[in-house]
Each structure stands twice: as C-alpha cells, then as structure tokens.
Amino acid sequence: LSDVNAWIIESKKAILAAARDSVLLADGDKWGRVAFASFAAIDGVSTIVTDNGAPADMVAEAQAKGVTVVTA
C-alpha cells in the first residue's frame with residue numbers, strides 16, 4: 001500500500017497501527033501500482049473492497065495472506 005504524499009505516510013502508518021480492523025477501498029486499476037512511498041504491506045489491512053477488475057492472481061495472493069477480499 002502506497003501514497004504519493006510522503007508526509008501522509010507516517011499518519012497512515014499510525015492509523016493502521018491503532019485500528020482494530022482496517023478496510024482498503026481500491027478499484028481494480030490500483031492493484032499492482034506503486035506510488036512514491038509505502039505505508040503497509042498488503043496484509044497490513046484486514047479487508048479489501050474492490051471491483052471485478054482486480055487481477056485474480058493478486059486477489060488470491062492477498063487472500064492467501066489472510067486478507068478478506070470483497071468484490072462488488
């Protein structure tokens with residue numbers, strides 16, 4: 001998981017560390033893209049909500065790491 005704003009990275013890390021559950025909303029076009037800096041690994045969230053355009057192999061990889069993936 002990454003962001004283009006380096007100064008926001010530390011805030012996102014702190015939010016994820018404090019959360020009991022975390023949900024990432026990412027459309028299929030965002031999978032596999034890397035922005036300026038990373039704030040968490042894919043298994044740093046508990047659930048990903050995405051669309052049917054998400055790459056099946058990446059969805060399977062996230063699920064294998066224990067992440068719940070919901071497609072809508």
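Higher on the page you've got the structure.
The structure contained in this document is the topic of the report that follows. (Residues numbered from 1 in each chain as written. Predicted model: local features only at pLDDT ≥ 70, side-chain atom pairs only at ≥ 80, totals over all residues. Heavy atoms only, no water.)

### Considering the overall build of the chain
Just so we agree on the cut-off: Secondary structure counts use DSSP, requiring at least four H or I residues in a row for a helix and at least two E residues in a row for a strand, with both numbered from the N terminus. With the radius of gyration taken over C-alpha atoms, the globule rule is written as 2.2 Å times the number of residues to the power 0.38. Note on exposure labels: buried denotes an accessible area under 20% of the residue type's maximum, exposed denotes more than 50%, and partly exposed covers the range between, all computed with a 1.4 Å probe on protein chains only. What sets the accessible areas is the Shrake-Rupley method with a 1.4 Å probe; for residues, cover comes only from the shown protein chains. His is not counted here, nor are the chain ends, while Lys and Arg score as positive and Asp and Glu score as negative. Note on charges: their place is set at NZ of Lys, CZ of Arg, CG of Asp or CD of Glu.
A count of helical and extended segments in the chain gives 2 helices and 5 strands. Sequence-ordered secondary structure for the chain, helices as α and strands as β, is β-α-β-β-β-α-β. Against the globule reference of 11 Å for 72 residues, the chain gives a C-alpha radius of gyration of 12 Å, in line with a compact fold. Overall, the C-alpha framework of the chain stretches about 30 × 25 × 20 Å when taken along its three principal axes. For the chain, the residues scored as buried account for 25% of the 72 residues in total. Looking at the chain as shown, the accessible area adds up to about 4800 Å², and 55% of this sits on carbon and sulfur atoms. Placing the 6 positive and 9 negative side-chain charges of the chain at their respective mean positions leaves the two points 5 Å apart.

### Details of the environment of A14
By secondary structure assignment, the location of A14 is in helix α1 (residues 6-18). Expressed as a C-alpha distance, the spacing of A14 and F39, which sit 25 residues apart in the sequence, is 9.4 Å.

### Concerning the pattern of salt bridges
Here is the rule we go by: The salt bridge criterion pairs a side-chain nitrogen of Lys or Arg with a carboxyl oxygen of Asp or Glu, the two atoms within 4 Å.
What the rule picks out here adds up to 3 salt bridges. Across the salt bridge formed by D3 and K12, the nearest N and O atoms sit 2.4 Å from each other. Look at D3 and you get buried, because its relative accessible area is 11%. Judged by relative accessible area, which is 27%, K12 ranks as partly exposed. The partner of K13 in a salt bridge is E10, with the nearest N and O atoms 3.6 Å apart. With K13 and E10 both in helix α1 and 3 residues apart, the pair spans about one turn of that helix. With relative accessibility at 36%, the residue K13 sits in the partly exposed group.

### Quick word on the layout of surface pockets
We apply this condition: Residues are called lining when one of their atoms sits within 4 Å of a cavity or pocket point, these points coming from a 1 Å grid over the protein atoms alone, where a cavity is a set in which a 1.4 Å probe fits but cannot get out and a pocket is an open set with protein on both sides within 12 Å along at least five of seven lines. Grid points are joined across faces, edges and corners, and a volume is the space filled by probe spheres set on the points. Here the term charged refers only to Asp, Glu, Lys and Arg, the term nonpolar to Ala, Val, Leu, Ile, Met, Phe, Trp, Tyr, Cys and Pro, and the term polar to all other amino acids, Gly among them.
For the largest pocket, the calculated volume is near 730 Å³. L1, S2, L24, K30 and R33 are the residues nearest the centre of the largest pocket, which is lined by 29 residues in total. Residue assignment for the lining of the largest pocket shows that the elements contributing at least two residues are β1 (2-3), α1, β2 (23-25) and α2 (56-64). Class assignment of the residues belonging to the lining of the largest pocket gives a composition of 20 nonpolar, 4 polar and 5 charged.

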